[in-house]
Amino acid sequence: MKENVKKKHAVLQVMVGLLLMAAVLPGCGLTMAQKKAVTDFTSATTVVGKTASAELANMREEVISMNVYRVQLIGVTNDGPSLKKMDEQCTVEATAERQCATEALKSYGELLQALVETDQTENIKKSSDALVDSFKELPEKYQNISQEKLDAIGKALQAVGGIWVEWKKAEAVKTIVNNTSAQIAHLCDLLKDDFDPFVKSKFAAQYLNTAEILTREADEVISNPKKSFEERTLAIAAFQKAQENRLRRDKIVVPISASIGKIKDANNELVKAVNSTEFTEKDIVALQKNLKILNDAIKVLAKK
Amino acid sequence: MPEEVLGTSLSKMIVDLTDLILATKNPAKKEELRKQHKKLTKKLQALIDKTVPADTEEYKKANAAVVEGNMAIKEAIKDTSQAAGAVTKLAKAISALAKLIVLLA
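Residues numbered from 1 in each chain as written. Chains lettered and ligands numbered in written order. Predicted model: local features only at pLDDT ≥ 70, side-chain atom pairs only at ≥ 80, totals over all residues.

**A word on the overall build of chain B**
So, point 1. From N to C terminus, chain B includes four helices and zero strands.
So, point 2. Mapped in sequence order, the helices and strands of chain B form the string α-α-α-α.
So, point 3. Expected size for 105 residues packed as a compact globule is a radius of gyration near 13 Å; at 13 Å, chain B falls within 12% of this value.
So, point 4. The C-alpha extent of chain B, read off along each of the three principal axes, is 40 × 20 × 20 Å.
So, point 5. By residue count, 37% of the 105 residues in chain B fall in the buried class. (Helix = DSSP H or I, 4+ residues; strand = E, 2+ residues; numbered from the N terminus. Rg over C-alpha atoms; globule rule 2.2 N^0.38 Å. Buried ≥ 20, exposed ≤ 12 C-beta atoms within 10 Å, placed from the backbone.)

Structural data, given as C-alpha coordinates:
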(Lines give C-alpha, C1' and ligand atoms only; values in the text may rest on other atoms or scores of the structure.)
Protein backbone atom coordinates (compact mmCIF):
# COMPACT_ATOMS: atom_id res chain seq x y z
CA MET A 1 0.00 0.00 0.00
CA LYS A 2 2.75 2.37 1.08
CA GLU A 3 4.72 1.40 -2.09
CA ASN A 4 1.71 2.27 -4.26
CA VAL A 5 1.36 5.70 -2.68
CA LYS A 6 5.07 6.33 -3.20
CA LYS A 7 4.81 5.32 -6.88
CA LYS A 8 1.76 7.49 -7.43
CA HIS A 9 3.57 10.37 -5.78
CA ALA A 10 6.60 9.92 -8.05
CA VAL A 11 4.42 9.79 -11.20
CA LEU A 12 2.62 12.90 -10.06
CA GLN A 13 5.94 14.70 -9.51
CA VAL A 14 7.13 13.80 -13.03
CA MET A 15 3.82 14.99 -14.53
CA VAL A 16 3.97 18.26 -12.65
CA GLY A 17 7.58 18.68 -13.77
CA LEU A 18 6.67 18.09 -17.41
CA LEU A 19 3.77 20.48 -17.22
CA LEU A 20 6.00 23.14 -15.71
CA MET A 21 8.61 22.68 -18.45
CA ALA A 22 5.93 22.88 -21.12
CA ALA A 23 4.65 26.07 -19.57
CA VAL A 24 8.02 27.71 -18.98
CA LEU A 25 10.17 26.75 -21.99
CA PRO A 26 8.05 28.30 -24.73
CA GLY A 27 8.39 31.49 -22.71
CA CYS A 28 12.15 31.15 -23.02
CA GLY A 29 11.87 31.89 -26.74
CA LEU A 30 12.42 35.44 -28.00
CA THR A 31 9.85 37.91 -26.76
CA MET A 32 7.70 39.79 -29.28
CA ALA A 33 9.79 42.92 -28.73
CA GLN A 34 13.03 40.98 -29.28
CA LYS A 35 11.60 39.36 -32.42
CA LYS A 36 10.57 42.74 -33.78
CA ALA A 37 14.02 44.13 -33.02
CA VAL A 38 15.67 41.25 -34.87
CA THR A 39 13.27 41.46 -37.84
CA ASP A 40 13.69 45.23 -38.27
CA PHE A 41 17.43 44.91 -38.04
CA THR A 42 17.72 42.00 -40.45
CA SER A 43 15.56 43.48 -43.21
CA ALA A 44 17.65 46.68 -43.09
CA THR A 45 20.91 44.72 -43.11
CA THR A 46 19.84 42.60 -46.07
CA VAL A 47 18.85 45.65 -48.14
CA VAL A 48 22.06 47.53 -47.35
CA GLY A 49 24.17 44.44 -48.11
CA LYS A 50 22.51 44.02 -51.51
CA THR A 51 22.64 47.73 -52.39
CA ALA A 52 26.28 48.09 -51.37
CA SER A 53 27.26 45.06 -53.43
CA ALA A 54 25.52 46.40 -56.53
CA GLU A 55 27.03 49.85 -56.01
CA LEU A 56 30.57 48.46 -55.80
CA ALA A 57 30.10 46.86 -59.23
CA ASN A 58 28.56 50.06 -60.55
CA MET A 59 31.42 52.26 -59.30
CA ARG A 60 33.97 50.00 -60.99
CA GLU A 61 32.04 50.07 -64.28
CA GLU A 62 31.74 53.84 -64.11
CA VAL A 63 35.47 54.29 -63.46
CA ILE A 64 36.18 52.27 -66.61
CA SER A 65 33.55 54.13 -68.62
CA MET A 66 34.88 57.54 -67.48
CA ASN A 67 38.44 56.53 -68.32
CA VAL A 68 37.32 55.48 -71.80
CA TYR A 69 36.05 59.05 -72.25
CA ARG A 70 39.34 60.41 -70.90
CA VAL A 71 41.34 58.41 -73.44
CA GLN A 72 39.03 59.60 -76.22
CA LEU A 73 39.35 63.22 -75.10
CA ILE A 74 43.03 63.56 -74.25
CA GLY A 75 44.51 60.40 -75.73
CA VAL A 76 47.06 58.22 -74.00
CA THR A 77 49.36 60.52 -72.04
CA ASN A 78 51.57 60.20 -68.99
CA ASP A 79 48.94 61.97 -66.90
CA GLY A 80 46.02 60.09 -68.39
CA PRO A 81 44.63 56.69 -67.58
CA SER A 82 46.67 53.62 -68.44
CA LEU A 83 45.11 51.47 -71.12
CA LYS A 84 46.15 48.45 -69.12
CA LYS A 85 44.46 49.73 -65.99
CA MET A 86 41.26 51.45 -67.00
CA ASP A 87 39.64 50.42 -63.72
CA GLU A 88 42.49 52.10 -61.75
CA GLN A 89 42.38 50.86 -58.13
CA CYS A 90 38.83 49.57 -58.55
CA THR A 91 40.07 46.24 -59.89
CA VAL A 92 38.04 43.06 -60.23
CA GLU A 93 39.88 41.69 -57.19
CA ALA A 94 39.32 44.79 -55.06
CA THR A 95 35.63 44.81 -56.01
CA ALA A 96 35.21 41.09 -55.34
CA GLU A 97 36.89 41.40 -51.91
CA ARG A 98 34.44 44.05 -50.84
CA GLN A 99 31.53 42.15 -52.31
CA CYS A 100 32.50 39.20 -50.10
CA ALA A 101 32.14 41.53 -47.13
CA THR A 102 28.72 42.82 -48.24
CA GLU A 103 27.66 39.22 -48.92
CA ALA A 104 28.60 38.29 -45.34
CA LEU A 105 26.48 41.17 -44.00
CA LYS A 106 23.56 40.06 -46.17
CA SER A 107 23.93 36.42 -45.05
CA TYR A 108 24.01 37.50 -41.41
CA GLY A 109 20.70 39.34 -41.87
CA GLU A 110 19.16 36.45 -43.77
CA LEU A 111 20.08 33.87 -41.13
CA LEU A 112 18.65 35.92 -38.28
CA GLN A 113 15.53 36.50 -40.35
CA ALA A 114 15.17 32.78 -41.04
CA LEU A 115 15.49 32.02 -37.34
CA VAL A 116 12.82 34.51 -36.40
CA GLU A 117 10.41 33.91 -39.26
CA THR A 118 10.54 30.25 -40.16
CA ASP A 119 10.30 26.91 -38.40
CA GLN A 120 11.68 25.00 -41.36
CA THR A 121 14.96 23.57 -40.18
CA GLU A 122 16.06 23.06 -43.79
CA ASN A 123 15.86 26.80 -44.51
CA ILE A 124 17.64 27.64 -41.28
CA LYS A 125 20.40 25.15 -42.06
CA LYS A 126 20.78 26.59 -45.58
CA SER A 127 21.06 30.16 -44.24
CA SER A 128 23.47 29.02 -41.55
CA ASP A 129 25.76 27.32 -44.08
CA ALA A 130 25.62 30.45 -46.24
CA LEU A 131 26.72 32.62 -43.30
CA VAL A 132 29.55 30.35 -42.22
CA ASP A 133 30.73 30.03 -45.85
CA SER A 134 30.58 33.79 -46.38
CA PHE A 135 32.71 34.36 -43.27
CA LYS A 136 35.21 31.72 -44.39
CA GLU A 137 35.47 33.27 -47.85
CA LEU A 138 36.32 36.70 -46.48
CA PRO A 139 39.80 37.95 -47.42
CA GLU A 140 42.20 37.96 -44.48
CA LYS A 141 41.97 41.65 -43.67
CA TYR A 142 38.18 41.36 -43.41
CA GLN A 143 38.26 38.37 -41.06
CA ASN A 144 37.73 38.83 -37.36
CA ILE A 145 36.20 35.58 -36.17
CA SER A 146 37.81 32.47 -34.75
CA GLN A 147 37.17 28.92 -35.92
CA GLU A 148 35.87 28.25 -32.42
CA LYS A 149 33.15 30.86 -32.85
CA LEU A 150 32.25 29.57 -36.31
CA ASP A 151 31.90 26.08 -34.83
CA ALA A 152 29.71 27.46 -32.05
CA ILE A 153 27.34 28.93 -34.65
CA GLY A 154 27.10 25.63 -36.53
CA LYS A 155 26.52 23.75 -33.27
CA ALA A 156 23.80 26.11 -32.08
CA LEU A 157 21.93 25.66 -35.33
CA GLN A 158 22.24 21.89 -35.41
CA ALA A 159 20.17 21.78 -32.27
CA VAL A 160 17.29 23.83 -33.72
CA GLY A 161 14.21 21.64 -34.14
CA GLY A 162 12.11 19.31 -32.06
CA ILE A 163 9.47 20.31 -29.51
CA TRP A 164 11.47 23.08 -27.84
CA VAL A 165 12.05 24.80 -31.18
CA GLU A 166 11.29 28.34 -30.00
CA TRP A 167 13.64 28.06 -27.04
CA LYS A 168 16.38 26.55 -29.21
CA LYS A 169 15.89 29.23 -31.85
CA ALA A 170 16.22 31.93 -29.22
CA GLU A 171 19.41 30.32 -27.99
CA ALA A 172 20.69 30.10 -31.58
CA VAL A 173 19.97 33.78 -32.20
CA LYS A 174 21.87 34.69 -29.04
CA THR A 175 24.80 32.45 -29.99
CA ILE A 176 24.99 33.92 -33.50
CA VAL A 177 24.64 37.54 -32.42
CA ASN A 178 27.18 37.15 -29.61
CA ASN A 179 29.76 35.21 -31.62
CA THR A 180 29.60 37.41 -34.70
CA SER A 181 29.36 40.88 -33.16
CA ALA A 182 33.10 41.61 -33.46
CA GLN A 183 33.16 40.28 -37.04
CA ILE A 184 30.14 42.34 -38.06
CA ALA A 185 31.61 45.48 -36.47
CA HIS A 186 34.90 44.90 -38.33
CA LEU A 187 33.12 44.47 -41.67
CA CYS A 188 31.06 47.59 -41.05
CA ASP A 189 34.17 49.66 -40.23
CA LEU A 190 35.97 48.63 -43.41
CA LEU A 191 32.94 48.95 -45.71
CA LYS A 192 31.91 52.28 -44.20
CA ASP A 193 35.35 53.70 -45.09
CA ASP A 194 35.15 52.23 -48.58
CA PHE A 195 31.94 54.14 -49.22
CA ASP A 196 33.08 57.31 -47.45
CA PRO A 197 33.98 59.81 -50.20
CA PHE A 198 36.28 61.66 -47.83
CA VAL A 199 38.51 58.75 -46.85
CA LYS A 200 41.35 59.07 -49.33
CA SER A 201 42.36 56.17 -51.56
CA LYS A 202 39.29 54.16 -50.61
CA PHE A 203 36.90 52.81 -53.23
CA ALA A 204 34.32 55.63 -53.39
CA ALA A 205 36.96 58.35 -53.09
CA GLN A 206 38.80 56.95 -56.11
CA TYR A 207 35.61 56.68 -58.14
CA LEU A 208 34.64 60.27 -57.36
CA ASN A 209 38.16 61.47 -58.05
CA THR A 210 37.92 60.03 -61.57
CA ALA A 211 34.69 62.00 -62.02
CA GLU A 212 36.45 65.22 -60.90
CA ILE A 213 39.30 64.67 -63.35
CA LEU A 214 36.93 63.92 -66.23
CA THR A 215 34.96 67.08 -65.41
CA ARG A 216 38.08 69.22 -65.76
CA GLU A 217 39.26 67.54 -68.95
CA ALA A 218 35.84 67.64 -70.63
CA ASP A 219 35.35 71.26 -69.62
CA GLU A 220 38.67 72.20 -71.23
CA VAL A 221 37.58 70.65 -74.53
CA ILE A 222 34.14 72.29 -74.39
CA SER A 223 35.78 75.68 -73.79
CA ASN A 224 38.39 75.31 -76.52
CA PRO A 225 37.27 77.03 -79.77
CA LYS A 226 39.89 75.13 -81.73
CA LYS A 227 38.24 71.81 -80.99
CA SER A 228 35.98 70.34 -83.68
CA PHE A 229 32.24 69.92 -83.39
CA GLU A 230 32.71 66.13 -82.98
CA GLU A 231 35.29 66.61 -80.22
CA ARG A 232 33.06 68.97 -78.33
CA THR A 233 30.02 66.72 -78.75
CA LEU A 234 32.07 63.93 -77.20
CA ALA A 235 33.24 66.30 -74.46
CA ILE A 236 29.65 67.18 -73.58
CA ALA A 237 28.74 63.50 -73.27
CA ALA A 238 31.83 63.00 -71.08
CA PHE A 239 30.96 66.09 -69.07
CA GLN A 240 27.42 64.81 -68.46
CA LYS A 241 28.74 61.41 -67.38
CA ALA A 242 31.16 63.08 -64.96
CA GLN A 243 28.43 65.28 -63.45
CA GLU A 244 26.06 62.33 -63.04
CA ASN A 245 28.75 60.45 -61.15
CA ARG A 246 29.71 63.44 -59.02
CA LEU A 247 26.05 63.80 -58.03
CA ARG A 248 25.90 60.16 -56.95
CA ARG A 249 28.07 61.17 -54.01
CA ASP A 250 25.24 62.34 -51.80
CA LYS A 251 22.46 60.40 -53.48
CA ILE A 252 23.97 56.93 -53.24
CA VAL A 253 27.50 56.75 -51.87
CA VAL A 254 27.09 58.76 -48.64
CA PRO A 255 23.74 57.11 -47.68
CA ILE A 256 25.35 53.68 -48.09
CA SER A 257 28.31 54.68 -45.93
CA ALA A 258 25.97 56.11 -43.28
CA SER A 259 23.75 53.02 -43.40
CA ILE A 260 26.70 50.72 -42.84
CA GLY A 261 27.73 52.81 -39.83
CA LYS A 262 24.20 52.51 -38.48
CA ILE A 263 24.20 48.73 -38.98
CA LYS A 264 27.19 48.60 -36.64
CA ASP A 265 25.40 50.72 -34.02
CA ALA A 266 22.14 48.79 -34.39
CA ASN A 267 24.01 45.48 -34.11
CA ASN A 268 25.50 46.62 -30.80
CA GLU A 269 21.98 47.38 -29.60
CA LEU A 270 20.85 44.01 -30.90
CA VAL A 271 23.52 42.26 -28.82
CA LYS A 272 22.10 43.97 -25.73
CA ALA A 273 18.53 43.21 -26.79
CA VAL A 274 18.91 39.47 -27.28
CA ASN A 275 20.95 39.03 -24.11
CA SER A 276 18.65 41.01 -21.92
CA THR A 277 15.96 39.20 -19.99
CA GLU A 278 14.36 42.55 -19.45
CA PHE A 279 14.42 44.20 -22.83
CA THR A 280 13.38 47.59 -21.58
CA GLU A 281 11.63 50.40 -23.32
CA LYS A 282 14.91 52.31 -23.23
CA ASP A 283 16.66 49.52 -25.15
CA ILE A 284 13.91 49.47 -27.74
CA VAL A 285 14.12 53.25 -28.19
CA ALA A 286 17.91 53.06 -28.68
CA LEU A 287 17.63 50.29 -31.25
CA GLN A 288 14.73 51.88 -33.06
CA LYS A 289 16.54 55.20 -33.26
CA ASN A 290 19.37 53.58 -35.19
CA LEU A 291 16.97 51.57 -37.31
CA LYS A 292 14.94 54.65 -38.17
CA ILE A 293 18.03 56.41 -39.47
CA LEU A 294 18.92 53.24 -41.33
CA ASN A 295 15.45 52.91 -42.83
CA ASP A 296 15.43 56.58 -43.86
CA ALA A 297 18.69 56.01 -45.69
CA ILE A 298 17.25 52.92 -47.35
CA LYS A 299 14.25 54.94 -48.56
CA VAL A 300 16.68 57.41 -50.14
CA LEU A 301 18.57 54.55 -51.77
CA ALA A 302 15.36 52.99 -53.06
CA LYS A 303 14.65 56.20 -54.97
CA LYS A 304 18.05 56.23 -56.66
CA MET B 1 28.60 76.95 -81.00
CA PRO B 2 31.34 79.17 -82.42
CA GLU B 3 30.78 81.88 -79.84
CA GLU B 4 32.69 80.50 -76.90
CA VAL B 5 31.70 82.84 -74.10
CA LEU B 6 28.26 81.36 -73.54
CA GLY B 7 29.26 77.69 -73.90
CA THR B 8 32.21 78.13 -71.54
CA SER B 9 30.28 79.97 -68.88
CA LEU B 10 27.46 77.46 -69.16
CA SER B 11 29.72 74.44 -68.59
CA LYS B 12 31.41 76.26 -65.68
CA MET B 13 27.98 77.02 -64.27
CA ILE B 14 26.99 73.34 -64.42
CA VAL B 15 30.19 72.33 -62.60
CA ASP B 16 29.49 74.91 -59.88
CA LEU B 17 25.86 73.87 -59.73
CA THR B 18 26.99 70.28 -59.06
CA ASP B 19 29.09 71.63 -56.17
CA LEU B 20 26.12 73.58 -54.86
CA ILE B 21 23.85 70.52 -54.98
CA LEU B 22 26.45 68.56 -53.00
CA ALA B 23 26.80 71.38 -50.47
CA THR B 24 23.05 71.95 -49.99
CA LYS B 25 21.56 70.11 -47.03
CA ASN B 26 17.88 70.99 -47.55
CA PRO B 27 16.36 68.03 -49.49
CA ALA B 28 13.68 70.13 -51.23
CA LYS B 29 16.22 72.72 -52.42
CA LYS B 30 18.56 69.95 -53.43
CA GLU B 31 15.84 68.35 -55.58
CA GLU B 32 14.97 71.69 -57.16
CA LEU B 33 18.62 72.30 -58.01
CA ARG B 34 18.92 68.80 -59.46
CA LYS B 35 16.02 69.50 -61.82
CA GLN B 36 17.67 72.71 -62.96
CA HIS B 37 20.93 70.84 -63.39
CA LYS B 38 19.22 68.44 -65.81
CA LYS B 39 17.66 71.29 -67.77
CA LEU B 40 20.94 73.17 -68.07
CA THR B 41 22.81 70.09 -69.25
CA LYS B 42 20.20 69.65 -71.99
CA LYS B 43 20.64 73.29 -73.01
CA LEU B 44 24.40 72.82 -73.24
CA GLN B 45 23.82 69.85 -75.54
CA ALA B 46 21.38 71.86 -77.67
CA LEU B 47 23.74 74.82 -77.95
CA ILE B 48 26.64 72.74 -79.23
CA ASP B 49 24.60 71.91 -82.33
CA LYS B 50 23.85 75.52 -83.18
CA THR B 51 25.65 78.47 -84.63
CA VAL B 52 25.15 81.17 -82.05
CA PRO B 53 25.27 84.74 -83.33
CA ALA B 54 26.75 86.76 -80.50
CA ASP B 55 25.29 90.06 -81.63
CA THR B 56 21.62 89.19 -81.17
CA GLU B 57 19.55 90.50 -78.30
CA GLU B 58 18.64 86.93 -77.20
CA TYR B 59 22.28 85.94 -77.05
CA LYS B 60 23.18 88.95 -74.93
CA LYS B 61 20.24 88.31 -72.58
CA ALA B 62 21.09 84.62 -72.25
CA ASN B 63 24.75 85.41 -71.63
CA ALA B 64 23.88 88.00 -68.98
CA ALA B 65 21.45 85.60 -67.30
CA VAL B 66 24.09 82.85 -67.22
CA VAL B 67 26.66 85.23 -65.73
CA GLU B 68 24.17 86.29 -63.05
CA GLY B 69 23.22 82.68 -62.37
CA ASN B 70 26.88 81.80 -62.02
CA MET B 71 27.44 84.54 -59.46
CA ALA B 72 24.38 83.45 -57.48
CA ILE B 73 25.65 79.85 -57.42
CA LYS B 74 29.07 80.93 -56.18
CA GLU B 75 27.43 82.95 -53.39
CA ALA B 76 25.20 80.03 -52.46
CA ILE B 77 28.16 77.64 -52.31
CA LYS B 78 29.70 79.93 -49.68
CA ASP B 79 26.38 80.22 -47.83
CA THR B 80 23.84 77.53 -48.68
CA SER B 81 21.00 79.53 -47.15
CA GLN B 82 21.27 81.60 -50.34
CA ALA B 83 20.27 78.56 -52.45
CA ALA B 84 16.75 79.90 -52.99
CA GLY B 85 18.20 83.01 -54.67
CA ALA B 86 20.32 80.82 -56.92
CA VAL B 87 17.25 78.77 -57.90
CA THR B 88 15.49 81.95 -59.05
CA LYS B 89 18.49 83.19 -61.03
CA LEU B 90 18.94 79.76 -62.58
CA ALA B 91 15.31 79.68 -63.67
CA LYS B 92 15.89 83.00 -65.45
CA ALA B 93 19.02 81.65 -67.15
CA ILE B 94 17.21 78.49 -68.27
CA SER B 95 14.37 80.56 -69.67
CA ALA B 96 16.75 82.90 -71.54
CA LEU B 97 18.69 79.95 -72.95
CA ALA B 98 15.43 78.30 -74.08
CA LYS B 99 14.46 81.48 -75.96
CA LEU B 100 17.85 81.59 -77.64
CA ILE B 101 17.64 77.94 -78.68
CA VAL B 102 14.13 78.46 -80.12
CA LEU B 103 15.44 81.38 -82.13
CA LEU B 104 18.23 79.26 -83.56
CA ALA B 105 15.98 76.33 -84.45
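**Topic: the overall build of chain A**
So, point 1. For chain A, the count of helices and strands is nine helices and zero strands.
So, point 2. Starting at the N terminus and ending at the C terminus, chain A contains elements arranged as α-α-α-α-α-α-α-α-α.
So, point 3. Considering chain A as a whole, with its 304 residues, one finds that 38% of them fall into the buried category.
So, point 4. When contacts within chain A are restricted to residue pairs at least 6 apart in sequence, those whose partners lie at least 24 apart make up 75%. (Contact = placed C-beta atoms within 7 Å.)

**Section: unusual backbone geometry**
Negative phi characterises most residues that are not glycine, and trans characterises most peptide bonds.
All names here are of chain A.
So, point 1. Its identity as a non-glycine residue notwithstanding, Glu88 has a phi of 50°, on the positive side.
So, point 2. Along the chain, Glu88 turns up in the loop between helix H2 (32–74) and helix H3 (92–117).
So, point 3. Accessibility expressed as a C-beta count within 10 Å gives 18 for Glu88, which makes it partly exposed.
So, point 4. A positive phi angle, close to 65°, is found at Ser201, a residue other than glycine.
So, point 5. Here Ser201 falls in the exposed class, since 9 other C-beta atoms lie within 10 Å of it.

**Topic: the nonpolar core**
Residues and elements named next belong to chain A.
So, point 1. Formed by 88 residues in total, the largest nonpolar core has its most connected members in Val173 and Ala218.
So, point 2. The element contributing the most residues to this core is helix H8 (residues 229–275), with 14 residues.
So, point 3. Beyond its immediate sequence surroundings of up to four residues, Val173 is in contact with Leu30, Val38, Leu112, Leu115 and Val274. (Core = buried A, V, L, I, M, F, W, Y, C linked by C-beta atoms within 7 Å.)

**Examining the interface of chain B and chain A**
So, point 1. Facing 13 residues of chain B, the contacting portion of chain A comprises 15 residues.
So, point 2. Only helix H1 (4–23) and helix H2 (27–48) of chain B provide two or more residues apiece to the side of chain B that touches chain A.
So, point 3. Looking at side-chain class alone, the side of chain B that touches chain A contains six nonpolar, six polar and one charged residues. (Nonpolar A, V, L, I, M, F, W, Y, C, P; charged D, E, K, R; others polar.)

**Digging into the environment of Thr180(A)**
So, point 1. Along the chain, Thr180(A) turns up in helix H6 (residues 165–195).
So, point 2. In the structure, Thr180(A) is positioned 45 residues away from Phe135(A) in sequence and 9.6 Å away in space, judged by C-alpha atoms.

**A closer look at the packing of H8(A) against H2(B)**
So, point 1. The N-to-C vectors of H8(A) and H2(B) enclose an angle of 175°; their axes lie 10 Å apart at closest approach. On the basis of the axis angle, H8(A) is roughly antiparallel to H2(B). From H8(A), Arg232(A), Thr233(A), Ile236(A), Gln240(A) and Gln243(A) reach across to H2(B), where they touch Thr41(B), Leu44(B), Gln45(B) and Ile48(B).
So, point 2. Within the contact of H8(A) with H2(B), the residues separate by chemical class into three nonpolar, five polar and one charged. (Axes fitted to C-alpha atoms, helices over the stretch in contact; angles between N-to-C directions. Parallel < 35°, antiparallel > 145°, perpendicular 65-115°, else oblique.)

**Focus on H2(B)**
All names here are of chain B.
So, point 1. End to end, H2 covers 32 Å across 22 residues, agreeing with the expected 32 Å (1.5 Å per residue, within 8%).
So, point 2. All of the buried residues along H2 are Leu33, Gln36, His37, Leu40, Thr41, Lys43, Leu44 and Leu47. Along the long axis of H2, the arc covered by the buried residues comes to 160°, so they all point the same way. Summarising the geometry of H2, the exposed residues directed more than 90 degrees from the buried face are Pro27, Ala28, Glu31 and Lys35. (Expected span 1.5 Å × (residues − 1). Arc of directions from axis to C-beta.)

**Considering the environment of Glu75(B)**
Residues and elements named next belong to chain B.
So, point 1. As for its position among the elements, Glu75 is in helix H3 (residues 57–78).
So, point 2. Residue Glu75 is classed as partly exposed on the basis of its C-beta count, with 16 C-beta atoms lying within 10 Å.
So, point 3. Each C-alpha atom, one on Glu75 and one on Asp16, is 11 Å from the other, the two residues being 59 residues apart in sequence.

**A closer look at the packing of H2(B) against helix H4 (residues 83–104) of chain B**
Residue and element names in this part refer to chain B.
So, point 1. Close contact between H2 and H4 brings their axes to 10 Å; oriented N to C, the two are set at 25°. Considered as vectors, H2 and H4 are oriented roughly parallel to each other. Of the two elements, H2 crosses H4, and the hand of that crossing is left-handed. Every residue of H4 that contacts H2 at Lys29, Glu32, Leu33, Gln36, Lys39, Leu40, Lys43, Ala46 and Leu47 is listed here: Ala83, Ala84, Val87, Leu90, Ile94, Leu97 and Ile101.
So, point 2. Taken together, the residues of the contact of H2 with H4 break down into eleven nonpolar, one polar and four charged. (Left-handed = near helix turned anticlockwise from the far one by under 90°.)

**So, H2(A)**
So, point 1. The end-to-end C-alpha distance of H2(A) is 62 Å, a good match for the 63 Å that 43 residues give at a rise of 1.5 Å each.
So, point 2. Following H2(A) by one or two positions, Gly75(A) adopts a phi angle in the positive range, close to 75°.

**Quick look at the confidence of the model for chain A**
Residues and elements named next belong to chain A.
So, point 1. Residues at a pLDDT of 70 or more form 81% of chain A, whose mean pLDDT is 83.
So, point 2. At the low end of the mean pLDDT range in chain A sits helix H1 (residues 2–24), at 57; at the high end sits helix H7 (residues 203–222), at 94.
So, point 3. Confidence over residues 17–27 falls short of pLDDT 50; this stretch has three contacts with residues more than four positions distant or in other chains. (pLDDT = per-residue confidence, 0-100.)

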